Amino acid sequence: MPQPPLSLHEPPHPSPALGGPRLDPERITETVRALGDRIEERFPGSGLGRLARDMLGITSRTVQTVQWVRRPVPGVRIAVALVLLFLAALLAGIAARVDVRPQGMSLPELLQVAEAAINDVVLLGLAVLFLLTVEGRLKRRRALAALRELRAVAHIVDMHQLTKDPDRHSGGAARGDTPSSPRRTLNRYELARYLDYCSELLALNSKLAALYAQTLDDPVVLAAVDEVEALTTGLSGKIWQKLVILSRTPP
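Keep in mind that what you see is a predicted model, and the values were worked out from it rather than measured.

Rules of the game
- Residues numbered from 1 in each chain as written.
- Predicted model: local features only at pLDDT ≥ 70, side-chain atom pairs only at ≥ 80, totals over all residues.
- Heavy atoms only, no water.
- Phe/Tyr/Trp six-rings, centres within 6.5 Å; stacked < 30°, edge-to-face > 60°.
- Helix = DSSP H or I, 4+ residues; strand = E, 2+ residues; numbered from the N terminus.
- Buried < 20%, exposed > 50% of the residue type's maximum accessible area, 1.4 Å probe, protein only.
- Salt bridge = Lys/Arg side-chain N within 4 Å of Asp/Glu carboxyl O.
- Contact = heavy atoms within 4.5 Å.
- Expected span 1.5 Å × (residues − 1).
- Polar contact = N/O pair within 3.5 Å; in protein donor to acceptor, adjacent residues only side chain to side chain.

**Q** Explain the packing of aromatic side chains to me, using residue names and the numbers behind them.
**A** The full count for this structure, using the stated rule, is 2 aromatic pairs. Aromatic pair Phe43 and Tyr194: ring centres 5.4 Å apart, planes at 70 degrees, arrangement edge-to-face. Within this pair, whereas Phe43 is found in the loop between helix H1 (25–42) and helix H2 (47–70), its partner Tyr194 is found in helix H6 (residues 188–213), the two being separated by 151 residues in sequence. Pair check on accessibility: Phe43 and Tyr194 agree, each one buried. Measuring from ring centre to ring centre gives 6.1 Å for Phe43 and Tyr197, while their planes differ by 85 degrees; the resulting arrangement is edge-to-face. Of this pair, Phe43 sits in the loop between H1 and H2 while Tyr197 sits in helix H6, and the two are 154 residues apart along the sequence. One exposure class covers both Phe43 and Tyr197, and it is buried. An aromatic cluster of at least three residues, connected via ring pairs, comprises Phe43, Tyr194 and Tyr197.

Written as structure tokens, this is what we have:
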């Protein structure tokens, strides 16, 4: 049975041959914005709400960086091509002026010339390899700088939930307070929502890091993405331990 033609307003489904399902930066941006609105509505003027707004800006920069990384860099490629052409012309000019005929050369002299030529070829090859990897190293440096920012955001989220103690709702837990103890004004339900929002921020932070993993096939970048994901998973595990304790604490 013939398939109906695709509508111009409906993108085709992703094909496994083209890489399969991929994270959609626009959907991630919408989720971060919606989470920020939810936090602001639940806890207006809170530090966690300000962090969610900052994360929306980080999300926008991440999308721009991922788009930049995905595209070729024309300026770098043109510069590398010009340098390679200059090296090729220089090598051709030197080869045209050098008389490599062995007549009149002793064996030691011939070996010396061959050794010098091999060294020059090796150095030239290393220079060519360096030039060909310039664009990849530039993209790697920019991706690693963005991943360091995401790692810092994960630690900031952890700081927000650090003093949220579920034992405070077990009854009589305030007796051990000191003058320097943090003020805890959240009731049982609000504390659960606060911790849940922190866990969602960590999950979205991990998804932003994963955008670099699906864009750059660089071992250094992939290792950095794995570190961010391991960090957010560990911090989220701490939050869920608090939620479990809170759920098991009698009102």
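Still to come is the rest of the account.
**Q** Quick one: what's the story with the pattern of salt bridges, residue by residue and with numbers?
**A** Counting across every chain of the model gives 8 salt bridges. The partner of Lys238 in a salt bridge is Asp158, and the shortest N-O contact between them spans 3.3 Å. In this pair, Lys238 is assigned in helix H7 (residues 219–248) and Asp158 in helix H5 (residues 134–161), connecting sequence segments 80 residues apart.

**Q** Hey, could you go over the side chain of Thr62 for me, with residue numbers and the actual values?
**A** Looking at where Thr62 falls in the secondary structure, it is placed in helix H2. Non-local contacts of Thr62, meaning those with residues more than four positions away in its chain, are made with Leu208, Leu211 and Tyr212.

**Q** Any details on H7? Residues and values, ideally.
**A** Taking 1.5 Å of rise per residue, 30 residues should cover 44 Å, and H7 covers 43 Å from first to last C-alpha, within 8% of that figure. Those residues of H7 not exposed but buried are Val221, Ala224, Val225, Val228, Thr232, Leu235, Ser236, Ile239, Lys242, Leu243 and Leu246. The opening residue of H7, the one whose side-chain oxygen lies 2.9 Å from the backbone nitrogen of Val220, is Asp218.

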